[in-house]
Amino acid sequence: MAGGNEGSMKALKEVWKRAENSLCADCGKPDPDWASSTLGVFICLSCSGIHRNIPSISKVKSLKMDYWDDAQVQFLAKHGNAVTKAIYEAHIPIYYYQPTYNDCQVLREQWIRAKYERKEFTEPGKQLPYSDGVKEGILWKRGRDNGQFLPRKFLLSEREGCLKYFTKQDAKEPKINVKIDVINATFQPEKIGNPNGLQITYLKDNKTRNIFVYHESGKEVVDWFNAIRSVQFHYLKVAFPIASDNEIKNRLTRNFLKEGYMEKTGPKQREAFKKRWFTLDHRRLMYFKDPLDAFAKGEVFVGSGENGYSVQKGLPSGTQGNFSWHYGITIVTPDREYLFTCETETDQLEWIRAFTSVINQAMTPQEYAIEAYFKFKS
């Protein structure tokens, strides 16, 4: 810890060691070693970089390397994460997504700017750009066949309970009209190739369809994301009137449990293994020829252990299909076994952990219905 008299350094250490300051005030990462001398919060290195981009609001310093004078230490002691959160996070809507250190840059930056720069959560009942039940605007959408991103008009309506998009701004009929309860939205900057890339998925005839969009403005795309969550929340409040707010919150948009390449073989287990992009969305394991495909080539339902589902490391002895990757995984279902291979042992273990987390959970009545559909389809 650099600079300052012995008394102020000792006081800084004491404030830093408070339990309330043991996690980053913005993303929850353990052991933050930076702080804002103007806001009084303890933050991690990554969030400090975002704070540095709003110097009119926040001045950040390293707790280990920078000089802290007595007045700055007293300011930290008077504030700290608990006091500052009570001010800037006083009225966060239940549906608003609060990112963690595992989330992408645009989500974390807009969360920090919403709190400290725009002060969106300091007053009760404040009108927010994602809270009035309707949102309309242009998003750049990837074409299903040509892969080009073109501007498309999107309309989100709580009253109609749907999301629409139009191929032309003056079009009267939408290209799609999707019920809000079958929509998921997740940020995919790496896969889409844009820092503000958003993947919107929905069910059509019980099959998953992907739409890939982005907006030049990080604020705008995050506003769309939270507007979808807002409309979903109010729709589900009506659909499930006895459910608690937290129960409904847990049914809103979700990140995929795992994505990446694996090889797979066919049901006879004698076909050559083919490389596919896999997405595990809770109990739906979908595979695609390309990560940006609109439709999955196939889906596998992953049920619970008590219903006869399990995951095993390796492939059954005598597996005949040719494969180039050697870290196998076997998914056992009541009807058949599914065989996959991974490129590395790390990938294998990560997929096994993801499958295990799903299999260990009891199935809901809705999931039993989905399982029945998969069995009927097969």
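Just so it is clear, the model here is predicted, and its values are computed rather than measured.

Evaluated as defined, the whole model comprises 3 cavities of 30 Å³ or more. Space inside the largest cavity adds up to approximately 60 Å³. Taken together, Lys141, Arg142, Gly143, Arg144, Arg209, Asn210, Ile211, Phe212, Leu292 and Ala294 form the lining of the largest cavity. Of all the secondary-structure elements, those providing two or more residues to the lining of the largest cavity are strand 4 (134-142) and strand 10 (207-214). No other element matches the 4 residues that strand 10 contributes to the lining of the largest cavity.

As a further point, take the sheet that holds strand 17 (residues 337-342). Strand order in the open sheet formed by 7 strands is 14-13-12-11-17-16-15, with antiparallel pairing between adjacent strands. In the strand order of this sheet, the two ends are held by strand 14 (298-301) and strand 15 (310-313), each with one partner. On average, adjacent strands in this sheet sit at an angle of 35 degrees to one another, irrespective of strand direction. Of the pairings in the sheet, the one linking strand 15 to strand 16 (residues 327-332) comprises 4 bridges and is antiparallel in character. Bridged to Lys313 within strand 16 is Ile329. With respect to the sheet, helix 9 (residues 345-359) is in contact with strand 11 (258-264), strand 12 (274-281), strand 13 (284-288), strand 15, strand 16 and strand 17, its orientation differing from that of strand 15 by roughly 160 degrees.

Turning to the pairing of strand 4, a few remarks are in order. Pairing between strand 4 and strand 5 (residues 149-157): 9 bridges, direction antiparallel. The residue of strand 5 that forms the bridge with Leu139 is Arg152. From the end of strand 4 to the start of strand 5, which pair antiparallel, there are 6 residues, and Gly147 there has a positive phi angle of about 75 degrees. Bridge count between strand 4 and strand 10: 2 bridges; the pairing is antiparallel. Considered in strand 10, the bridge of Lys141 is made with Val213.

Moving on, we get to helix 4 (residues 80-88). Listed in full, the buried residues belonging to helix 4 are Gly80, Asn81, Thr84 and Tyr88. Seen from one end, helix 4 has its buried residues packed into an arc of 115 degrees, which puts them on one side.

Here we come to the UniProt feature "domain: PH" (unreviewed entry) in the protein. In the numbering adopted here, UniProt assigns the feature "domain: PH" (unreviewed entry) to residues 132-233 and 255-360. A helix fraction of 20% and a strand fraction of 46% characterise residues 132-233, whose end C-alpha atoms lie 12 Å from each other. The distance from the first to the last C-alpha atom of residues 255-360 is 19 Å, and the span holds 14% helix and 38% strand.

Within the element layout of this structure, Arg113 appears in helix 5 (residues 105-117). Classification of Arg113 as buried rests on a relative accessible area of 15%. Setting aside residues up to four positions removed in sequence, Arg113 forms contacts with Asn53, Ile54, Arg118 and Lys119.

This paragraph deals with the packing of aromatic side chains. Inspection of the entire model under this criterion finds 20 aromatic pairs. Between Tyr95 and Phe233, the ring centres sit 6.5 Å apart and the planes meet at 45 degrees, which makes this aromatic pair tilted. Note that Tyr95 is positioned in the loop between helix 4 and helix 5 and Phe233 in helix 7 (residues 218-239), a separation of 138 residues in sequence. Across the pair, exposure class does not vary: Tyr95 and Phe233 are buried alike. The interplanar angle of 85 degrees and the centroid separation of 5.3 Å between the aromatic rings of Phe278 and Phe340 together place this pair among those described as edge-to-face. Taken together, the residues Phe278 in strand 12 and Phe340 in strand 17 connect sequence positions 62 residues apart. Taken together through their ring pairs, the aromatic side chains of Tyr95, Tyr96, Trp111, Phe121, Tyr130 and Phe233 make up a single cluster. A cation sits over an aromatic face here: Arg251 above Phe240, 4.4 Å from the ring centre.

The subject of this paragraph is the environment of Lys249. Along the polypeptide, Lys249 turns up in helix 8 (residues 245-249). Assessed through its relative accessible area of 28%, Lys249 is described here as partly exposed. Each C-alpha atom, one on Lys249 and one on Ser131, is 15 Å from the other, the two residues being 118 residues apart in sequence. Setting aside chain neighbours within four positions, we find Lys249 in contact with Ile94 and Arg229.

On to the packing of helix 1 (residues 6-16) against helix 3 (residues 70-78), then. The angle between the axes and the distance between the axes are what describe a pair of packed helices. The interhelical angle for the contact between helix 1 and helix 3, taken along N-to-C directions, is 20 degrees, at an axis separation of 10 Å. By the angle between their directions, the pair helix 1 and helix 3 is classed as roughly parallel. When you trace helix 1 past helix 3, the crossing you get is left-handed. Every residue of helix 3 that contacts helix 1 at Ser8, Ala11, Leu12 and Val15 is listed here: Asp70, Val73, Leu76 and Ala77. Along the lines of polarity and charge, the residues of the contact of helix 1 with helix 3 split into 6 nonpolar, 1 polar and 1 charged.

Let's shift gears to the environment of Ser131. With respect to the secondary-structure elements, Ser131 resides in the loop between helix 5 and strand 4. Apart from the residues within four sequence positions on either side, Ser131 is in contact with Tyr95, Lys126 and Ser230. Within polar-contact distance, the side chain of Ser131 engages the backbone oxygen of Leu128 at 2.9 Å.

Turning next to the state of the cysteines. By the definition in use, this model includes 0 disulfides. Cysteine Cys27 remains unbridged, with the sulfur of Cys44 as its closest cysteine sulfur at 3.7 Å. Considering cysteine sulfurs only, Cys44 is the nearest to Cys47, which forms no disulfide, with 3.8 Å between them. For Cys47, a relative accessible area of 1% corresponds to the buried category.

About the cut-offs
Just so you know, the residues in each chain are numbered from 1, in the order the chain's sequence is written. Reporting of local features is limited, given that this is a predicted model, to residues whose pLDDT is at least 70; pairs of side-chain atoms are given and counted only at 80 or more, and all residues count toward the totals for whole chains, interfaces and linings. Remark: hydrogens and water are excluded; side-chain values derive from all non-hydrogen atoms of the structure. With a 1 Å grid laid over protein atoms only, a set of points is called a cavity when a 1.4 Å probe fits there but cannot get out and a pocket when it is open yet has protein on both sides within 12 Å along at least five of seven lines; lining residues have an atom within 4 Å of a point. Grid points are joined across faces, edges and corners, and a volume is the space filled by probe spheres set on the points. Secondary structure counts use DSSP, requiring at least four H or I residues in a row for a helix and at least two E residues in a row for a strand, with both numbered from the N terminus. What makes two strands pair is DSSP finding at least two bridges between them. For helices, the fitted line uses only the C-alpha atoms of the stretch in contact; every axis is such a line through C-alpha atoms, and the angle between N-to-C directions lies from 0 to 180 degrees. Only heavy atoms matter for contacts: two residues are in contact if any of them lie within 4.5 Å across the pair. Throughout this description, buried means an accessible area under 20% of the type-specific maximum (1.4 Å probe, protein chains only), exposed means over 50%, and partly exposed covers the range between. In this context, the arc is that of the directions from the helix axis out to the C-beta atoms. UniProt positions are given in the numbering used here, feature names are shortened, and annotations may be inferred rather than shown by experiment. The pairing test for Phe, Tyr and Trp rings, Trp by its six-membered ring, is centres within 6.5 Å, and the orientation test on the planes gives stacked under 30 degrees, edge-to-face over 60, and tilted for anything in between. Placement of a charge over a ring requires the Lys NZ or Arg CZ to be within 6 Å of the ring centre, with the centre-to-atom vector within 35 degrees of the ring normal. For classification, angles of less than 35 degrees are called roughly parallel, those exceeding 145 degrees roughly antiparallel, those between 65 and 115 degrees roughly perpendicular, and all remaining angles oblique. For a crossing to be left-handed, the near helix must be turned anticlockwise from the far one by less than a right angle; the clockwise case is right-handed. Any residue outside Ala, Val, Leu, Ile, Met, Phe, Trp, Tyr, Cys, Pro, Asp, Glu, Lys and Arg is labelled polar, Gly included; the first ten of those are nonpolar and the last four are charged. Each polar contact in these results corresponds to two N or O atoms within 3.5 Å; when the atoms are within protein, one needs to be able to donate a hydrogen and the other to accept it, and residues that are neighboring in sequence are counted only if both atoms are side-chain atoms. Criterion for a disulfide: a pair of cysteine sulfur atoms within 2.5 Å.

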